[in-house]
Amino acid sequence: MLSNKKGVDGFMFDIIHLNIGGVKFSTTLSTLSTYGENFFTALVRMPSLRDGDGAYFIDREGKYFEPILHYLRAGVLPDIDYLNITLDFLIKEANFYSIDITPGICDLKEGLYTSKKWILFLEKDPMHPWIYGVTGVEDDRENGVVNAFIKNLCFVKNGVVLWNYNNDGNTNTIIYIFDISYFTRVPYSKK
């Protein structure tokens, strides 16, 4: 269902009522089109299946649309652990709606990052934009620690970098968790 309303400033906006697999959502057309044309912008332009209340009916799992709508509203994905799905699955679900949610997973730029004890180079995996390869050096001589690592996998979400580092094949695995805001990004461009 589409409702035209005038806001207090006279600006027109359209309220969209959706029924996605039995889960009801109300939002605006401008929210649904935050990142351009997609499934919903086409849906409202043509005759479409409606439920008994007049809401647009989409035969998909509604609970999986909730984080996608959050991304359209806030620009970041919420924690999806409660859904018991993988990011790959959520990306495929968003692709059904022609919405690219990968910028909401991680907006960290590739490149060189430095801090007092670390030099890190982060490089995105082109197939999974929330996974990076991390190469770098840890130099904490005060505590007797000097490590180097090459292309370890790390995961990035909301500015936090997590990765497991196995030192020379030993059974001891170190889990690093960094808030990237403590690092300085050195300008970098791919040639």
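The sections below set out a description of the structure shown in this document.

What counts, and at which threshold
- Residues numbered from 1 in each chain as written.
- Predicted model: local features only at pLDDT ≥ 70, side-chain atom pairs only at ≥ 80, totals over all residues.
- Heavy atoms only, no water.
- Helix = DSSP H or I, 4+ residues; strand = E, 2+ residues; numbered from the N terminus.
- Expected span 1.5 Å × (residues − 1).
- Buried < 20%, exposed > 50% of the residue type's maximum accessible area, 1.4 Å probe, protein only.
- Salt bridge = Lys/Arg side-chain N within 4 Å of Asp/Glu carboxyl O.
- Axes fitted to C-alpha atoms, helices over the stretch in contact; angles between N-to-C directions.
- Parallel < 35°, antiparallel > 145°, perpendicular 65-115°, else oblique.
- Contact = heavy atoms within 4.5 Å.
- Nonpolar A, V, L, I, M, F, W, Y, C, P; charged D, E, K, R; others polar.
- Polar contact = N/O pair within 3.5 Å; in protein donor to acceptor, adjacent residues only side chain to side chain.
- Phe/Tyr/Trp six-rings, centres within 6.5 Å; stacked < 30°, edge-to-face > 60°.
- Lys NZ or Arg CZ within 6 Å of the ring centre and 35° of its normal.
- Core = buried A, V, L, I, M, F, W, Y, C linked by side-chain atoms within 4.5 Å.

As for helix 3 (residues 62–74)
Given 3.6 residues to a turn, an α-helix orients residues that are three or four positions apart in the same direction.
Here is step 1: The terminal C-alpha atoms of helix 3, which comprises 13 residues, lie 19 Å apart, in line with the 18 Å expected from a rise of 1.5 Å per residue.
Here is step 2: All of the buried residues in helix 3 are G62, Y64, F65, P67, I68, L69, Y71 and L72.

Structural notes on the pattern of salt bridges
Here is step 1: Under the criterion given, the structure shown has 4 salt bridges.
Here is step 2: D51 is the salt-bridge partner of K24, the closest N and O atoms lying 2.8 Å from each other. Taken together, the residues K24 in strand 3 (residues 23–28) and D51 in the loop between helix 2 (39–43) and strand 4 (56–58) connect sequence positions 27 residues apart.
Here is step 3: Its relative accessible area of 45% is what places K24 among the partly exposed residues.
Here is step 4: A relative accessible area of 17% places D51 in the buried class.

Concerning the packing of helix 3 against helix 4 (residues 87–96)
Here is step 1: Here helix 3 crosses helix 4 at 85 degrees, and the two axes come no closer than 10 Å. With respect to helix 4, the element helix 3 is oriented roughly perpendicular. The segment helix 3 lies against helix 4, with Y64, P67 and I68 engaging F89, L90, E93 and A94.
Here is step 2: Of the residues that constitute the contact of helix 3 with helix 4, the class distribution is 6 nonpolar, no polar and 1 charged.

As for the environment of L77
Here is step 1: Tracing the backbone through its elements, the reader meets L77 in the loop between helix 3 and helix 4.
Here is step 2: Here the alpha-carbon distance between L77 and E66, two residues 11 residues apart in the chain, equals 9.9 Å.

Some remarks on the side chain of N38
Here is step 1: Following the sequence through the fold, N38 ends up in the loop between helix 1 (29–32) and helix 2.
Here is step 2: Separated by 3.4 Å, the side chain of N38 and the backbone oxygen of G36 make a polar contact.
Here is step 3: At a separation of 2.8 Å, a polar atom in the side chain of N38 contacts the main-chain amide nitrogen of F40.

A short note on the side chain of E93
Here is step 1: Relative to the helices and strands, E93 resides in helix 4.
Here is step 2: With relative accessibility at 6%, the residue E93 sits in the buried group.
Here is step 3: Of the polar contacts made by the side chain of E93, one reaches the side chain of R60; its length is 2.8 Å.
Here is step 4: Apart from residues no more than four positions distant in its own chain, E93 is found in contact with R60, E61, Y64 and I68.

As for the packing of aromatic side chains
Here is step 1: Considering all chains together, one arrives at 10 aromatic pairs under this definition.
Here is step 2: Considering the side-chain rings of F96 and Y97, the 5.1 Å spacing of their centres and the 85 degrees angle between planes classify their relative orientation as edge-to-face.
Here is step 3: By relative accessible area, which is 32% here, F96 ends up partly exposed.
Here is step 4: If you follow R50 out to its NZ or CZ, it ends over the ring of Y56, 3.9 Å from the centre.

Describing the nonpolar core
Here is step 1: Grouped together as the largest cluster of nonpolar side chains are 28 residues, with contacts concentrated most on L18, F40, F65 and I101.
Here is step 2: At the level of elements, strand 2 (12–20), helix 1, helix 2, strand 4, helix 3 and helix 4 are the ones that each hand at least two residues to this core.
Here is step 3: Ranked by residues supplied to this core, first place goes to helix 3 with 6 residues.
Here is step 4: Contacts of L18, omitting those with residues within four sequence positions, involve V23, K24, F25, L32, F40, L43, A55, Y56, I58 and F65.

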